[in-house]
Structures are given as structure tokens and as C-alpha cells.
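# Results of the structural survey
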Amino acid sequence: MGTLRSCVILAGGAGRRIGSEKAFLEFFGSTMIERTFEIVGEVVDEVVVVARDEEQQARLRDLVPGAKLACDSVQGFGPVAGLAAGMVEAKGERALAVGCDLPFLNPEVLDLLFDLADGYDAAIPTGEGGLVEPLHAVYRADSMAHACEKALEAGQRRIRAPLEELWVKNVSLELLRPFDPELLSLFNLNTEDDLSEAGQIYSRLRSGGEGPSRRCRPPGRRSKSPQEIL
């Protein structure tokens, strides 16, 4: 993988609309934090898991053996505080940032984002109308840490605030489709309906011959370089 890669997993979501903390949601035999930790472990060298407070951190510890644990730097500032804490702890020059509400993370898509981040402060999937996916993105860790700290100092809770300080590579969703034709890697869990739909998708993928695979790509497809895709 070349230079050290890190991942910051934000685990602090209370999940009020879904009725449970997202990190501890059960999804086909494992919690979402375990599932996320396992998948990102295929593409990074270290994982930092950010809890919202020390009480949640203690409950997470046994589920992510070997991960570095941190807590939100400021309470009540959501992902910006979580990223500020996590990016400071990351040892890698670049760090993937994800929530723990993405049941179909795809290692090949994550590899691609690391490749496309070269030369930029961030590589962020971007859809129609400029809709960005900042919690499924790769950042230069020190630049993002500084940008998040600056946003916190200004009282900014919006995740877009630190992005305004970065040189961002907006990654077309079409570049993800060779590895993830349905863009399922961006499907997230916010409501009970989302959880039900995710279960149906998982069952469909499994019945279609992918078995209990945690990734969403045709079996046997090799990774393509960015040059092959562009």
C-alpha cells in the first residue's frame, strides 16, 4: 500500500431516528462498528475510532481490538469535533473518514479514493448538484485536523465548514461504478426503513451468488488503476 494509511471511524452517532446507537446496530451477525472496522482494515494500516464520550468509548473498546480510541474534542459539535479528534491521532499522511452507518463499504472504492487523493487535501465523492459525501472520503490528515479545529473555534458545526479550507478533489460518482455499479457503498442507515432496505439488499446480494460477502462488486474483478478509469 506504500505510505501509511489511516482511517478515522466516527462512532458517536446517537441514532435517534433509527432507535439505537449506530455503532451497536446489529447487521447480519455483527455490530456496525465491527463490520466497519473489519472492512476498512482491508485497505488501511491503522484505525482510529472516535466515540462521543468516555462512557461510549469503554463500550466500544472490546469490539475494535487494536484500534486507537479517541473522544470528540468538543461535545455537541458532531462530525466536525469527531474528525478533529480523530485526524490528530492518525499517524498516516492520509486518512479515510467514515461513519459506522455504511453497511456496504467497498474496499476497492476506498482504495480508489486514496489513489485519487494524491496531490489534494481531500478526495470526496460528489454527486449531482454538488452533493458531497464527506464521511466517505479521504483526507490529508494534518490539513483536515487544522481545518476542523478552525471550524470549531469559529463555532461552526456544519461538516462543509472545514471543507472550505481544503483543496478538494471532487470525485464523480461515475468513477466509483466500475467497482460498485449500484453505488451501494454510499447507502447509509438513518431510519428503521433504511435498516430494513439494507437487509433486503444484503439478502439479494447473497442469493445472487456473492455469499455473505461484505463488499459489493462482482467476484473476481481486479482493482483498476485511476489511469484505467479516467
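Residues numbered from 1 in each chain as written. Predicted model: local features only at pLDDT ≥ 70, side-chain atom pairs only at ≥ 80, totals over all residues. Heavy atoms only, no water.

## Digging into the packing of helix 3 (residues 78-89) against helix 5 (residues 141-153)
Worth spelling out the cut-off: All axes here are fitted lines through C-alpha atoms, helices being fitted over the stretch that makes contact, and every angle between N-to-C directions spans 0 to 180 degrees. Each helix is a run of H or I in the DSSP string that is no shorter than four residues. Each strand is a run of E no shorter than two, and both are numbered from the N terminus. Crossings are sorted by hand: turned counterclockwise from the far helix by less than a right angle, the near helix makes the crossing left-handed, and turned clockwise it makes it right-handed. Contacts: residue pairs with any heavy atoms within 4.5 Å of one another.
Running from N to C, helix 3 and helix 5 cross one another at 140 degrees; their axes reach a closest spacing of 8 Å. By crossing handedness, the relation of helix 3 to helix 5 is classed as left-handed. Between helix 3 and helix 5, the contacting residues are Val-80, Ala-81, Leu-83, Ala-84, Met-87 and Val-88 on the first element and Ala-141, Met-144, Ala-145, Cys-148, Glu-149, Ala-151 and Leu-152 on the second.

## Points about the packing of aromatic side chains
Rule in force here: For this analysis, a ring pair means two rings from Phe, Tyr or Trp (six-membered ring only for Trp) whose centres lie within 6.5 Å, classed as stacked if their planes differ by under 30 degrees, edge-to-face if by over 60, and tilted for the remaining angles. When a residue's accessible area, from a 1.4 Å probe over protein chains only, is under 20% of the maximum for its type it is buried; when over 50% it is exposed; and in between it is partly exposed. Here, over-ring charges are defined by two tests on the NZ atom of lysine or the CZ atom of arginine: distance to the ring centre within 6 Å, and angle to the ring normal within 35 degrees.
Using the criterion set out here, one finds six aromatic pairs in the structure. Taking the centre distance of 6.0 Å and the plane angle of 80 degrees together, the rings of Phe-27 and Phe-104 count as edge-to-face. In this pair, Phe-27 is assigned in strand 2 (residues 26-27) and Phe-104 in the loop between strand 6 (94-99) and helix 4 (107-116), connecting sequence segments 77 residues apart. Residue class for Phe-27 comes out buried when judged on its relative accessible area of 3%. Residue Phe-104 is classed as buried on the basis of its relative accessible area, which comes to 1%. The interplanar angle of 70 degrees and the centroid separation of 6.2 Å between the aromatic rings of Phe-104 and Phe-187 together place this pair among those described as edge-to-face. With Phe-104 in the loop between strand 6 and helix 4 and Phe-187 in the loop between strand 9 (168-172) and helix 7 (192-210), this pair connects stretches of sequence that are 83 residues apart. Joined through ring pairs, the aromatic side chains of Phe-27, Phe-28, Phe-104, Phe-187 and Tyr-202 make up one cluster. Its end group placed over the ring of Phe-77, Arg-157 keeps NZ or CZ at 4.1 Å from the ring centre.

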